[in-house]
Structure formats: structure tokens, C-alpha cells
Amino acid sequence: MSSAVEAIDLGRRYRRTWALRGCSLALPKGRVIALVGPNGAGKSTLLNLTAGLLRPSEGGLRLFGEPLSARPDTLAQVAYMAQDTALYPTFTVTDLLTFGRRLNPGWDDPWARDRLARLRLPTDVPAGRLSGGQRAQVALVLALAKRPRLLLLDEPLASLDPVARHDVMALLMETVAQSGMTVLLSSHIISDLAETCDWLVAINQGRVQVSGDIDELLETHKLIVGPREALDTLPERLPVVAQTVNGRQASVLARVSGHTVGPAWTVRDASLDELVLNYLRRPESSALPGPTRQRERSAS
Amino acid sequence: MIDFHLDRRSGVSTYVQLVQQVKHALRLGLLKPGDRLPTATEVVAALAINPNTVLKAYRELEREGLVSARPGLGTFVERTLGQASPVDRARLRRQLTGWVRSAYAAGMVREDVEALFTAAIRDAAQEGVA
């Protein structure tokens, strides 16, 4: 079984600056994938490359096993909702539906109309007069009406209030449950991702730092807390992701597999927020599946 | 039918919360054998959570023999939890509610009542009743 997205040594340069470099990833099908990283880390560049809106400066991309460069029609399977959802402000929602139907062969108009009605979204109003939450919902319905196998979302929740965030995510999750599509979404709000995403990709300074199943990552990473004097009693081979010292207390995030730590230490589970923050603070740490494991995974 | 809810600050993982809520409903008789659990799509549309989380919770319940999935039909309750008969359960609940009321009347607050209840369970365990 091939991956939904496979990047091999992917890089993109703007003049002399690399926005993304040496990016190798295999993202499994049917997952809801969280793309996290600080501003300027390369998240939008990766999404734009995957959507075919940018050409790679080096390396390549495969979508569902097909090289993106060789088969432009592969892009018919991809929908992209960019940041600050660009809906033509003078178009009514009905106009936008007509537009989508004419441009996309697989367009599901009855589904889109049914959704808009269930979400109580007005169809006769220019998009510019809708609220931010309504615009996001319309944009998501339009993206989904294309019936994509892969949906890319760049910061879909950034400008939304909590109710609109819930409604947008509920619509997204319901469609995932029904269609089994793959979703790749970037966000800063990690607590929202914990409920909705099952795969984590963290990129930092243009490089991939973490890529893995969220449950697996949370099972293998532990927070170890104890007195700072005891730091040198920790096993030498413990794979430490990051450590912080605060007064007399030291906290260490480590990948634990059968390691035992001394009685001075308390071991507890890490939350997704803690895991992500600890990695992003230490750009030199990484958690990536080795090439062998990746092959096993894609074979299963 | 059961309506799931989420406590996002509890620190308990979402799938465990779903499992606990089904078990709780079984113990209280709110879910009975033959009842259908909501589909993954229904749960996901209400709670905005990943569909795999719901499937994981249902697999766990199935593994414990509490529910079974019938392809194309849904997931159904197989057996109930709690050994007491419905009549006994209703009587005990009535007695306990009466007891809680008299505890409040004696000036106790909720935390006092909970502490006393936990202590009584421990006492009974030490006597070898449970």
C-alpha cells in the first residue's frame, strides 16, 4: 500500500534562502495529519508544494504513489484550503458553487447544497458579507465537494471563535469518517489537534523533526521530573529530547523503552502540547521512523 | 441511546472517556443488551474528534465482550454490567439517595459525602464483604 504523500529529499529555495530542505516523509493514507512548527518553519511551503502551487527546487513528491511532476491530473484528487480562505468576496455562495461545479469534474453538488443547508449557511449573500466562521465553513464545504482523496488545510482554525472551530472540525471529522480521505492540516492550536489528529509532523527551520503516529509517540515519550542534582544519575543512554531546569527541579522529556530511572525521579505521561513544545525548542532533536520501519509500515 | 460528552481538561484520554461512559451507562441501566451505540460518524459529528478514537473505544468494549459490531448494522450492547437485579438496583439507589439527603441535612458538603462514601467502601472491603 502506497502512502498518501511521499516526499523524497524535497527542498524549496527562495533566492538564497531555503524555506524547506532535505524533507523526506511518508504520510499514510486515511490519517488526519497535524503539521506543526513555528512561524516560518516551512509549513505553508510544504502545503503549497503538495498542492502543486510551487515547484520543488530539489527532490520530489509522490501523491498516492504517482510522481506529482509527471502526472498533473494527480492534482484532481487534491483540495487545498489556503490561509485566510480566499473566497471571491462579491460572489454569492450559489455563484461559488457554480464556479466549483464547472471547474471540478468530480464535483458533488447535491452534497454541497445539503451541507450548506444543514449548517444554515445563507446561499444568496455575497461571501464578503459572511462572518469569519461562516466563510471558513463555506470554504471547507467547497473544498470537500470536490470529493478529494487528500485535503490540505493551512491554519483552518486561526481566525475562528471556539464555536466556529468546533463546527468546522465536526464537519471535517464527519467527512473523514464517511469518506476515509487523508487530511493534512497545519495549526498553531495544539490542544485542538490532540482530539482530531492521529499523525504528527513537526517541522522546524525548514527540516522535518518528528513524523509519527500520535498514540505511539505519546506512549514512547515520558516526562521525567526530579531534583536537578540527580540529573547525572539518569541512564547515560537515555534518549533525551529536551531538558529544562527550573530552580531545584529538572524535567526531562525522553524516549523511554525499558529504561529504568532512579527513585529520585517521577515518570509521567507527556501531553501532546508538551511533546511538541519540547521538540520545537530543540531543533536538533528528532523522532523519525528509520527507513526499515517505514518500509514495513507501508507494506502492511 | 447514549450521548457522549468530553471533559477536555480531565487529562483522561478521549477514548478512555468514551469507554468509561458506556460502562457507566451499562451500570446505571441506561444502556441495555440489544441497544445500538451511535455510529462513529454520529459521535464524530457531535464531538469533533477523530473517527479512529471512536473505533478504538468500541474495539476495547468489544474485546471486553460488552458490545459487538454487526457489519452494516452498527455496534450493539451484548451484556450489562453490575450483578444486581434491576429491582435491587432501584431499591439501593433509593436508599442511597435518602442517605445522601440526610447527610446534607446534617450539614455535610459534597466533598464530605464523597469522602465518607469512599471510606465506607474501604471499611466493607476490610471486613471482607466485597
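Residues numbered from 1 in each chain as written. Chains lettered and ligands numbered in written order. Predicted model: local features only at pLDDT ≥ 70, side-chain atom pairs only at ≥ 80, totals over all residues. Heavy atoms only, no water.

Colleague: I'd love a proper account of the sheet that holds strand 7 (residues 150-154) of chain A, names of residues and values included.
Modeller: All names here are of chain A. Here we have 6 strands laid out as an open sheet, ordered 6-7-8-3-9-10, and mixed in their pairing. This sheet does not close on itself; its edge strands, each paired only once, are strand 6 (78-81) and strand 10 (207-213). Neighbour to neighbour, the strand axes of the sheet diverge by 15 degrees on average, direction disregarded. Bridge analysis of strand 9 (residues 199-204) against strand 10 gives 6 bridges, and the strand direction is antiparallel. Looking at strand 10, one finds that Trp199 is bridged to Asp213. Its contacts with the sheet place helix 1 (residues 43-50) against strand 3 (32-36), strand 6, strand 7, strand 8 (182-186) and strand 9, and it is angled at close to 150 degrees to strand 7. (Pairing = 2+ DSSP bridges. Helix = DSSP H or I, 4+ residues; strand = E, 2+ residues; numbered from the N terminus. Axes fitted to C-alpha atoms, helices over the stretch in contact; angles between N-to-C directions. Contact = heavy atoms within 4.5 Å.)

Colleague: Help me get a handle on the interface of chain A and chain B, residues and values and all.
Modeller: Listed by partner, the interface residues are 14 residues for chain A and 15 residues for chain B. Summing both sides of the interface, chain A and chain B together bury roughly 1,100 Å²; the carbon and sulfur share of this comes to 54%. At the junction of chain A and chain B, the tally comes to 2 salt bridges. Residue Lys56 of chain B is joined to Asp215 of chain A by a salt bridge in which the shortest nitrogen-to-oxygen separation is 3.0 Å. Across the chain A-chain B interface, the total number found is 7 residue pairs in polar contact (both at pLDDT 80 or more). (Buried area = accessible area lost by both parts, 1.4 Å probe. Salt bridge = Lys/Arg side-chain N within 4 Å of Asp/Glu carboxyl O. Polar contact = N/O pair within 3.5 Å; in protein donor to acceptor, adjacent residues only side chain to side chain.)

This is a description of form; function is not addressed.
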